[in-house]
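Chain and residue survey
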Amino acid sequence: MSVQTKRRNVLRALLSVAVLAVLAPFSGLARYFYRESASQSQRQKIANVNDLKPGSYVFFSYPRTGDPKIDGDPFRQYILLMTRDGKIRAYSRVCVHLWCLPTYASDRGLLVCPCHGSIYREEDGVAIAGPASLQPYPYNALPMVKLEIDGNGDIYAVGIDGRIGLGREWRNRSPDENVVRV
Amino acid sequence: MSKEYRTFREAIDALIKWTVERLERTPFAAFKFTFPKQYISPFGYLGTLTAIVFLILGVSGAILMFYYTPSIDTAFASVREIQESVPFGFVMRQIHYHASNFMVLLAVFHLYYQYFSGRYKIKNEVLWVTGIILGILTVLEAYTGYNLILNQRAMLAINIGMGLTFSAPVLGPSIAPILMGGGYFDLIVRFYALHVFIIPLLLLLLLTVHIPRALIIDMPMILGVIGAIFVTAGMFPAELGLRFDPTKGSVEVPEWYLTSIYAFLRTGSERFWAGALLPLLFAIFFLIVPFVDKSKKLSWRDRPFFAAMGIASILMIIVTTVWGFYVDFSKLTVFEQLYVEPVIYYSSFGIITLISFFFTYRYLTKPRGRPTPAKPLVLSPRAGTAGVVITLLLVVAFSWLAVLTYLENMPNISMFNMGMSMIMLGLMLHIYRHTASAAAKT
Ligand code: FES
């Protein structure tokens, strides 16, 4: 190998290192496209157990930001409810069919979607009627909010189980696992 | 000025010459603009018409941007302002809306004409593939556009589209959040960015690869198409719809170029495989066809398999679209009205597609006896008679429809009249051109 070729090779190697050094910081660029602050889970107080009675519910937005425009987004709407037999549950309010917002019919213990009539069970959020129930597993259940209940009975939302607007893998996971007493 | 011109005309000519000589140093020199002296076939011209409608969309869309605000709480109100109180806002929105429909329609016609005449051969593979990508981008552009209104119908389309993206295998879960961001408030801004900048930019870039260097400007035809946009806007003005409200249900059917996908979803089958697989197969088929169909034959008659595929695909589009529009109002609940029985749906669609394929194939491969002697190349004076008669019948049918709507209560007379006057001007230009060239011959 002549001296010139050797020199050229060294220069080429240096050049590639330089190109890599310039490009490397951009490797995380993809993160720009996801609004991470929107998907991060936070610990947020919702209500106190003592304020709930069977069949009562509260709507809340999670994760709360304080910006009414963001907090009002359908994708951040949840419902905390106490089932008729006293269990605490919190579900996403986005129907897994076409994203309308179901309401809670406490007398029947069902969540009912106003748009095409999907009906979900209060105890596990699984669709039992309407178009959502026709969707294959796991696209037939409302996502759940993971809850923590502390000694004072304060209920905190700490995360999401499932994918909003899509569904939740509920077969091998009891809904009770999403309600932890600490 | 160093030189003196005797007449105004001389001065103008000199100015034009001066400009043209300077433009020769720019990329403009690559294009050759011709104004045809005679009637040219509209079929071969469909591509240019699509591009011209795209320009109209660019202009009208840019003007709409002055009033439109891409925000979850003001988007609908701003469109309503454009539609109801801004002077000429109604006209602008109608032009934009109907031109988008025309663009999709013209692009589809263009695709099929080129497909059946085998234009993807003879070194046109790159043109063909860019054309397919342009077509896909056109639909995406139209899709992102009509979602910006944020009415019930737009939300339905957003939900369908996002649901499909989310459920796409492998890439879906990581692509969908890019479009969604943190929720609807992000989605609307991102769709806006895609609609007014990113996709049009891609379209323009691809267009530079796709358009021929010899550009034909056929004014009568162009005026005819623009006029037709106005006339349709006059007869069927786009409405505002209802503001999106996730707590209320309504029976909505999405834009016509999406109803075929919608039909699949309404059968309740698994989202991605039902809703996205077929369009995907479509796109892939058209993308690879130039590399599969290697015969030297151009005419569809000599390519029975591909002609049959083409016919079958058209029928498939028609059947699924019709199903998509089908709403059974005799049923009580919204869900039942929209539900499509999968067995009936899939069998009707499968049978019609198969039958049309089979019959076209049989028809084209049937031995045709003695080959008919080649026709002499001289066109007889009656060569175009059938075409003229059909055109006239269509014109009569259309005017009849127009008169009926007119009598009932024309929703938007002024745009109808504007369109009609454009068509008339186009017709006059054509007659003028025709007589001028006839006079030049004698
Ligand atoms: S959106 Fe809930 S049933 Fe359709």
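Residues numbered from 1 in each chain as written. Chains lettered and ligands numbered in written order. Predicted model: local features only at pLDDT ≥ 70, side-chain atom pairs only at ≥ 80, totals over all residues. Heavy atoms only, no water.

**Let's talk about the overall build of chain A**
Across its full length, chain A carries 4 helices and 11 strands. Against the 2.2 N^0.38 benchmark of 16 Å for 182 residues, chain A shows a C-alpha radius of gyration of 24 Å, more extended than a compact globule. Counting only C-alpha atoms and orienting by the principal axes, one finds that chain A spans roughly 90 × 40 × 35 Å. Residue pairs at least 24 apart in sequence account for 50% of intrachain contacts in chain A once pairs closer than 6 positions are excluded. Summing over all exposed atoms, chain A offers an accessible surface of approximately 9500 Å²; the carbon and sulfur share of this is 55%. Taking the average place of the 24 positive charges on the side chains of chain A and the average place of its 17 negative ones, the gap between the two points comes to 13 Å. (Helix = DSSP H or I, 4+ residues; strand = E, 2+ residues; numbered from the N terminus. Rg over C-alpha atoms; globule rule 2.2 N^0.38 Å. Contact = heavy atoms within 4.5 Å. Areas by Shrake-Rupley, 256 points an atom, 1.4 Å probe, with all protein chains shown as cover. Lys, Arg positive; Asp, Glu negative; His and termini not counted. Charge placed at Lys NZ, Arg CZ, Asp CG, Glu CD.)

**Points about the packing of helix α6 (residues 152–167) of chain B against helix α8 (residues 184–210) of chain B**
Residue and element names in this part refer to chain B. Contact pair α6 / α8: the axes reach a minimum separation of 13 Å and the direction vectors enclose 90 degrees. Between α6 and α8, the angle is such that the two are roughly perpendicular. Residues M155, I158, N159 and M162 of α6 pack against Y184, L187 and F191 of α8. A class-by-class count of the residues in the contact of α6 with α8 yields 6 nonpolar, 1 polar and no charged. (Axes fitted to C-alpha atoms, helices over the stretch in contact; angles between N-to-C directions. Parallel < 35°, antiparallel > 145°, perpendicular 65-115°, else oblique. Nonpolar A, V, L, I, M, F, W, Y, C, P; charged D, E, K, R; others polar.)

**What to know about the sheet that holds strand β7 (residues 119–121) of chain A**
Within a sheet, adjacent strands bond to each other through the backbone by hydrogen bonds, running parallel or antiparallel. All names here are of chain A. Taken in spatial order, the 4 strands of this open sheet run β5-β6-β7-β8, and their pairing is antiparallel. The open sheet has two edge strands, β5 (103–105) and β8 (127–129), and neither has a second partner. Averaged over all pairs of adjacent strands, the angle between strand axes in this sheet comes to 40 degrees, irrespective of strand direction. Where β5 meets strand β6 (residues 110–112), 3 bridges bridge the pair, whose relative direction is antiparallel. By the bridge assignment, T103 is partnered in β6 with V112. (Pairing = 2+ DSSP bridges.)

**Description of the pattern of salt bridges**
This model, assessed by the stated rule, comprises 14 salt bridges over all chains. With a closest N to O distance of 3.3 Å, E122 of chain A and R84 of chain A form a salt bridge. One end of the pair, E122 of chain A, is in the loop between β7 and β8; the other, R84 of chain A, is in the loop between β3 (77–82) and β4 (88–92), with 38 residues separating them in the sequence. For E122 of chain A, a relative accessible area of 3% corresponds to the buried category. Among the salt bridges present, the one from E21 of chain B reaches K17 of chain B, with a minimum N-O distance of 3.5 Å. Of this pair, E21 of chain B and K17 of chain B are both found in helix α1 (residues 8–23), 4 residues apart, which corresponds to roughly one turn of the helix. Salt bridges sharing common partners tie together D161, R168, R173 and E177 of chain A. (Salt bridge = Lys/Arg side-chain N within 4 Å of Asp/Glu carboxyl O. Buried < 20%, exposed > 50% of the residue type's maximum accessible area, 1.4 Å probe, protein only.)

**Description of the state of the cysteines**
All names here are of chain A. Inspection of every chain in the model, using the stated rule, returns 1 disulfide over all chains. Disulfide pairing places C100 opposite C115 at an S-S distance of 1.9 Å. Between C100 and C115 the sulfur-sulfur dihedral comes to about -85 degrees; the bridge is accordingly left-handed. With C100 in the loop between β4 and β5 and C115 in the loop between β6 and β7, this residue pair connects regions lying 15 residues apart in the sequence. Judged by relative accessible area, C100 falls into the buried class, the value being 10%. (Disulfide = S-S within 2.5 Å.)

**So, helix α15 (residues 342–365) of chain B**
Here α15 of chain B contains 24 residues, and its C-alpha end-to-end distance of 34 Å stays within 8% of the 34 Å for a straight helix at 1.5 Å per residue. If you check which residues of α15 of chain B are buried, you get Y345, S348, F349, T353, S356, T360 and L364 of chain B. (Expected span 1.5 Å × (residues − 1).)

**Some remarks on the packing of aromatic side chains**
All names here are of chain B. Evaluation of the coordinates by the stated rule reveals 20 aromatic pairs over all chains. Ring geometry for Y68 and Y192: centres 5.4 Å apart, planes at 40 degrees, overall tilted. Here Y68 is found in the loop between α2 (46–64) and α3 (75–84), whereas its partner Y192 is found in helix α8, with 124 residues between them in sequence. When sorted by exposure, Y68 lands in the same class as Y192, which is buried. (Phe/Tyr/Trp six-rings, centres within 6.5 Å; stacked < 30°, edge-to-face > 60°.)

**Considerations on the packing of helix α13 (residues 304–325) of chain B against α15 of chain B**
Residue and element names in this part refer to chain B. Contact pair α13 / α15: the axes reach a minimum separation of 8 Å and the direction vectors enclose 155 degrees. Between α13 and α15, the interaxial angle falls into the category roughly antiparallel. For the crossing formed where α13 meets α15, the hand is right-handed. Contacts between α13 and α15 pair P304, F305, A307, A308, M309, I311, A312, L315, M316, V319, T320 and W323 from the former with I344, Y345, S348, F349, I352, T353, S356, F357, T360, Y361, L364 and T365 from the latter. Grouping the constituent residues of the contact of α13 with α15 by class yields 18 nonpolar, 6 polar and no charged. (Left-handed = near helix turned anticlockwise from the far one by under 90°.)

**Focus on the interface of chain A and chain B**
Contacts between the two partners involve 27 residues from chain A, matched on the other side by 34 residues from chain B. When the two sides are added together, the surface that chain A and chain B hide from each other amounts to roughly 2700 Å², 65% of it contributed by carbon and sulfur. The interface formed by chain A and chain B includes 0 salt bridges. Our enumeration of links across chain A and chain B arrives at 5 residue pairs in polar contact (both at pLDDT 80 or more). Going through the elements one at a time, α3 (68–71) and α4 (131–134) of chain A are the ones with two or more residues in the side of chain A that touches chain B. Its residues placed into classes, the side of chain A that touches chain B shows 18 nonpolar, 4 polar and 5 charged. (Buried area = accessible area lost by both parts, 1.4 Å probe. Polar contact = N/O pair within 3.5 Å; in protein donor to acceptor, adjacent residues only side chain to side chain.)

**What about the side chain of D186 of chain B?**
Structurally, D186 of chain B is set in helix α8. For D186 of chain B, a relative accessible area of 4% corresponds to the buried category. Sequence-distant contacts of D186 of chain B, that is, excluding residues within four places in its chain, are made with R35 of chain A together with M180 and G181 of chain B.

By themselves, these figures tell us nothing about what the structure is for.
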